Every structure is written in C-alpha cells, then in structure tokens.
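# Summary of the model geometry
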Amino acid sequence: MTTERHLITSALPYINGVKHLGNLIGSMLPADVYARFQRGQGHEVLFICATDEHGTPAELAAAEAGVEVAEYCREQHEVQREVCARFALSWDHFGRTSAPANHELTRDFAAALDDNGFLETRTTRQVFSVDDDRFLPDRYVIGTCPNCGYDRARGDQCEHCTKQLDPTELIDPRSAVSGSTNLEVRDTTHLFLLQSRLADEVGDWVRSRDSWSPLVRSIADKWLKEGVQDRSITRDLSWGVPVDADRFPALAGKVFYVWFDAPIGYLGASREWADVDPAGRDWRRWWRLDEGADDVTYTQFLGKDNVPFHTIGFPTTIIGSRQPWKLVDRIKGFSWLTYYGGKFSTSGHRGIFMDDAAELLPSDYWRWFLLSNAPETNDSNFTWETFAGVVNKELAGELGNLVNRVGTLLGRHCDSLVPAPGPAGDPETQLEAAAEAAITAYLAAMADLEIRRAAQALRSLWSAGNVYLEQTEPWRLVKTDPDAAAGVLRRCLALLATLGRVLEAFIPDTAAVLAGVVPLDAGGPVTTDLLTRLDRALVTGTPAAFPPILFRKIPEEEVEAWKARFGGGDAGPASSD
RNA sequence: GGCGGCGUAGCUCAGAUGGUUAGAGCACACGGCUCAUAAUCGUGUUGUCGCGGGUUCGAGUCCCGCCGCCGCUACCA
C-alpha cells in the first residue's frame, strides 16, 4: 500500500464562545474521524483547525466582557481548545487567525492580488456612530422600518416584514452597540477584490471538481449563476489584520475583513504548526504545489452555510494570487443538526453546548450519537429521547453489554486468561464473514466520506459478536464441552481486539479500553481480515483485563431532568439571530 | 420579498443519472436464551412516497401549480 498524504481542515469555529453540538458535528467531529481514520491506515495526515477571531462580534463580545479584544480572544481560544480536547479532537494544530503567521500570509495574499491587478480602492458611504467612535456594519444599525413600521429593524433587513434595507433608509436610526442616535453617514475607503474578473477561471475550476456532493455543487453553481460580485475585503475596525499602509496608503489604520483572512487561517495555522518544530516540520510541503504538495489530497469539512466561501471565495483569492497554492480537492458539506426541530442558537443559547455536554457524559457517548446521526444529506434532529435511545440501545445494550458478557464468562470459566483456540464450525465461519462484510462496508464508506454509513458498518461489527454468542451459547456449552466454550471466548476476545482497532476513529476512548483488554500488536491498517489476523496474534494464557461497565444507560428521569434544564420540546421556534 | 431546502411506514431518516413486489434503525408484536447494564438473538406487521395536473411504455425519482414546514439573505457549523 502506498502512503497517501491527507491535508484535512475543519471549518474554523468563531471565537465568540463555546460551540454547540451542531457546530461540533457540522465539521470538527467528522474531520476528526477522517483524520484518525487516515492516520490509522498508515497515511500521512496534517489536520488543521483554528479559531476565527476577527470581526465586529468579537469586538462587541470583548467590550461586553469588559476586556481588551486581544485578551478576550486569547482567553476564548484557550476555552475552546480545552473543550475540544474533551471531545478528543485530534488536530495536529489548533491555531488562531489572529496569529502573526496569519497576519503575514494575509498581507502577502493581498500584495499578490494587488500585483496582479485584482484589487481596487473604492470609496463607499457607511454609517458612523460618533458616540461609539466606529463605523457600524449594516446589521448593527437599528431603527424603524420604513416599510412596516417595526421599530427594531436591522440596517440590512427588517426581520418583521423581511424587506431588504439600506441602513440610511431607517427612521430614527440608532446604534445596536450603544443605542446612540448620534449617527452620521461618512465616506470611507476600502479595498475591493475584483472577483468578477476571476469568475470565469473560478467557474472553470469549480466545474472541474467532479467529486463534490450534490449539496456542495448546487450551492456553488447557484453562486456562480448569480454572478460573482466584487467584494470589499477591508473594514474600519481596529481588531484584525492591519492593511499594509506602505502599499495601500489610503487604507492606513484599517484591517482586512474576516471574510478575507479567515480561510487564509488554514495556511496560517499550518505555519504555526511548523513553527513549533521548524527543523522537523515543513508546512509548505503541504500547501505549495512547487514544494512537494502535488501529491496531497486536501479535504475540507464544513457546514453548508460555509460552502460559498470555500468553493468560490477562498479559491478566488488563491487563483488570483497566481501562486501555486494547493486548492481543495474534496469538500464534505454538512446540513444542520436541529434541536427539537428548531435551530441551535448561540446567541439565544438554545440547544446543547460542548462544555455542558462534556460535563454530562463522556465524549464517546456524544461522538457516537452525533456521528451515527450526522446531518449528511438532510438536517437531522436532536432530542434527548432519541439520544438516550441510541445510547441505551446501541452503546450500552449492544457494545457495552457484549464486552461485559465476554468478561463475565471469561472470568467465570477461564480465570480471565486467553483460552486456547477451539474448533471452527459454522458460527465461526459466519462470524468471520460478518466481520469481513462489516469492515469492507466501513472502509468503503470512509473512502466515500459517508459518516453515517460507516457508523452503521461499525455497529454491525459489534452486533456480530452478540449474534455469535447467541449461536454458540458458551454458558451452556461449558457444561458439556468446556474446551469448545473456551474456544468461543477466545474468538470473542479477538473480536473485542478488532473493535478496539476499528472503532478508533469514531469512539477513540472506548477503542483504547477495548484494545487494552488483551494488549497485542494490532499494527498496520484496518483490513477486512483483521479479525483472523488478531485471533492469530492472541497468545494463549495471557491475562485479559476487563473494564467496568463501558456505557451506562440513561434513565427516563434523567432525560426529563435534562430536558427541563436545557429546554426541550416546549422551547418555541428558533429565535432569529 | 428574493433564494434554497424539505414534506417517504407511529417516530428518526436512506432512497445519483426515472425501470421488477419502496428500504433501514427505533418503537410495536410474537418466539428463543438466561452469560449479560430486564441486556441479547430470531421472526413479523405497518406506507394512495404532502395535494392536483403533466411528460413517459414506465415517476418517490423529471416538469408545472398548490398546501405545509424550515433555513439563508453575504460576521455563528
């Protein structure tokens, strides 16, 4: 098997607070599964993520918290790093778009675009809040809608009558930041990226991507069809990547727009990764086609709302740079996880957030539920009832119980030592066939980035163990043929070792426990004959160390309690935030 | 308002390029087992594929209209 090289990124979580389960399953978790899988197959992986830190929301959140924005982001970055670690997210580096590496790269890209004639300085008129001493993005200007009279319409659109607005149309406009009515319309100068000039090239590139899913493709096509507009890539803010004043004197004191610097953060974070060990790590080998990245397969994981930025926006930046940067090969887009049919909401604090989830249950419970119900082709729904149902049935009832059954029987009849091999009959043949089929299906699903299908294959692998026990009935067999019964249990140990290896990508903590029952060398990639390989590797007489109950069941009272605590079905429709 | 998506068994969802009797899991029913966290294993029931038209030899799958739900509208996956 040749070693492949996989560059994997997950969408960058915004700095503003702990993410919810929708964010987790929408990109970070599936990216982690894919990275773990490819590593496990012996391939070379660079898995990168970072916090997206610039922009008005970060500034306002910092102000609300009463700290400097730089300090706020530093703190929040650590908070997110810590909570992500609790979900066993295995990125090689978790960087920051505010890091020097990203600042430099962002300015470099702007310079390259400028050299190639794709930037232009334009003057626009924007609302300025004198009391806040800042320009206000459209949505941060609030006033009375000229159309319907709603008194809290936003400057970009009235939420009540849905009319699209220009902030200057609002009656009695005021700042959403301070409430101040001391507003002016001022001229301001910004850099525009002339995307229209690159639209054809980007369109050709998009059409050359034949492996994108219908969801991703349709979104990209829609944007191309509507016409790619020139976009302003700078803002009148203080927190961000400063525009190079030597090159763009008219823009001194301004910063790049997050829309521009955030995706560059993938490169920036890779460079941060390399900076940790400059002698041993070469980030350009992953990103520059002229420096060794030509054999890299780049896979992005992201939510569907992010598709336009990754299919059109960022590729435009790269293509316009006329530099040989690696463009994305495969995009895995996700739909939404809903909470009782409504939207998860960060600002409305509706749904389950990662810190709360981590406090309630070990991460594998969440990982399994979320991955096996990932919103791949359609939105999928979270309810405490279905969550508890999946945990109780699949994890506790099937997988955990299987391990417990084997452990009890082995302790009772074999002193918890690996028994000698027994005879192989029909049940053994069936077990092997089932394991082969499950692993084959798993490998195929992973190759296609189909997370749910892969999860079903994994489930069928452990279910084969319960079927095998029912067929062989070692608790009964032991009375008539103890050696044969012991042989059955040896097979079970081989299956548990197989699970310990194959489950590593989805539920790594559990996999590690299973792999530790009878430590043996499970090296090499997951292959369809793994069960027989590991059976052969078992050494008769080796002690087996079984863990306590792997998964606890979630009783109905707890479901009710959590529903009450987090808001369940009675929570109204999603707030519009 | 515009754009996009969805509406398939009681529930949650699968069903590229239209093609034999529409699938899975859960739930439910019955049966087996009793080693196990009353767990597990087997068998089985359920559908005018939102409504109405149309194209076609043939449509859940394409087209039109309607109804209902949801999301986005460029700084939260």
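The following refers to the structure shown. None of the values given here were measured: they were computed from a predicted structure. Note that residues are indexed from 1 along each chain, following the sequence as it is written. Working convention: letters from A go to chains and numbers from 1 go to ligands, in the order in which they are written. Reporting in this predicted model follows two pLDDT cut-offs: at least 70 for local features of residues, and 80 or more for side-chain atom pairs to be given and counted; totals over whole chains, interfaces and linings ignore these cut-offs and use all residues. No hydrogens and no water enter the side-chain calculation; it runs on all heavy atoms of the structure.

## Remarks on empty space enclosed by the protein
Keep this limit in mind: The rule is simple: put a 1 Å grid over the protein atoms alone, call a set of points where a 1.4 Å probe fits but cannot get out a cavity, call an open set with protein on both sides within 12 Å along at least five of seven lines a pocket, and count a residue as lining if it has an atom within 4 Å of a point. Grid points are joined across faces, edges and corners, and a volume is the space filled by probe spheres set on the points. In this text, helices come from DSSP runs of H or I with a minimum length of four residues, and strands from runs of E with a minimum of two, each type numbered from the N-terminal end. Any residue that is not Ala, Val, Leu, Ile, Met, Phe, Trp, Tyr, Cys, Pro, Asp, Glu, Lys or Arg is counted as polar, Gly included; the first ten are nonpolar and the last four charged.
Counted under the stated rule, the structure contains three cavities of 30 Å³ or more. Estimated volume of the largest cavity: approximately 50 Å³. For the largest cavity, the full set of lining residues is Trp-259, Phe-260, Pro-263, Phe-309, Gly-313, Phe-314 and Thr-317. Put simply, the parts of the chain that give the lining of the largest cavity at least two residues each are helix 7 (258-275) and helix 9 (307-321). Top element by residues in the lining of the largest cavity is helix 9. It accounts for four residues. For the lining of the largest cavity, the residue count by class is five nonpolar, two polar and no charged.

## Brief notes about the sheet that holds strand 5 (residues 134-135)
Defined as follows: At least two DSSP bridges between two strands are needed for those strands to be called paired.
As summarised here, the arrangement of the four strands in space is 5-4-9-10, forming an open sheet in which the pairing is antiparallel. Of all strands in the sheet, those bounded by a partner on one side alone are strand 5 and strand 10 (231-232).

## Side note on the sheet that holds strand 2 (residues 44-51)
Formally: To define axes, lines are fitted to C-alpha atoms, for helices over the stretch in contact only, and angles between the resulting N-to-C directions are given on a 0 to 180 degree scale. Contacts: residue pairs with any heavy atoms within 4.5 Å of one another.
Across the sheet, which stays open at both edges, the five strands sit in the order 3-2-1-13-14 with parallel pairing between neighbours. Where the open sheet ends on each side, the last strands, each with one partner, are strand 3 (93-96) and strand 14 (330-334). Averaged over all adjacent pairs, the angle separating strand axes in this sheet is 20°, with direction ignored. For strand 1 (residues 5-10) and strand 2, the ladder comprises five bridges, and the chain directions are parallel. Residue pairing in the sheet places His-6 in a bridge with Val-45 of strand 2. Contacts between helix 3 (residues 69-85) and the sheet are confined to strand 2 and strand 3, with strand 3 contributing the most and set at about 165° to the helix.

## Notes on the side chain of Thr-338
The condition that has to hold: Polar contact criterion, stated in full: a pair of N or O atoms within 3.5 Å, where within protein one must be able to donate a hydrogen and the other to accept it, and residues adjacent in sequence count only if both atoms are side-chain atoms.
Within the element layout of this structure, Thr-338 appears in strand 15 (residues 337-339). Within the structure, the side chain of Thr-338 is placed 2.9 Å from the side chain of Asn-381, a separation counted as a polar contact. In this structure Thr-338 touches Phe-344, Asp-379, Ser-380, Asn-381 and Phe-382, once residues within four positions along its chain are discounted.

## Considering unusual backbone geometry
With the exception of glycine, the majority of residues adopt a negative phi angle, and the majority of peptide bonds are in the trans configuration. Although it is not a glycine, Leu-449 adopts a positive phi angle of roughly 60°. With respect to the secondary-structure elements, Leu-449 resides in the loop between helix 13 (426-447) and helix 14 (451-472). Even without a glycine there, the phi angle at Glu-473 is positive, about 45°. As for its placement among the helices and strands, Glu-473 is situated in the loop between helix 14 and helix 15 (474-480).

## Description of helix 16 (residues 482-502)
Condition: For a helix, the expected span equals 1.5 Å multiplied by the number of residues minus one. Accessible area is worked out with a 1.4 Å probe on protein chains only. A residue is then buried under 20% of its type maximum, exposed over 50%, and partly exposed in between.
Compared with an ideal rise of 1.5 Å per residue, which puts 21 residues at 30 Å, helix 16 spans 30 Å between its outermost C-alpha atoms and is within 8% of the ideal. In terms of burial, helix 16 is largely enclosed, as 19 of its 21 residues are buried.

## Details of the pattern of salt bridges
What counts, and what does not: The salt bridge criterion pairs a side-chain nitrogen of Lys or Arg with a carboxyl oxygen of Asp or Glu, the two atoms within 4 Å.
Per the stated rule, a full pass over the model turns up 39 salt bridges. Here Asp-448 makes a salt bridge to Arg-453, at a shortest N to O gap of 3.6 Å. Given a relative accessible area of 45%, Asp-448 falls into the partly exposed group. Residue classification places Arg-453 among the partly exposed residues on the basis of a relative accessible area of 38%. Put simply, Asp-535 and Arg-490 hold a salt bridge, and the shortest N to O gap is 3.2 Å. Of the two residues, Asp-535 sits in helix 18 (residues 530-537) while Arg-490 sits in helix 16, which places them 45 residues apart along the sequence. Accessibility classification places Asp-535 together with Arg-490 in one group, the buried group.

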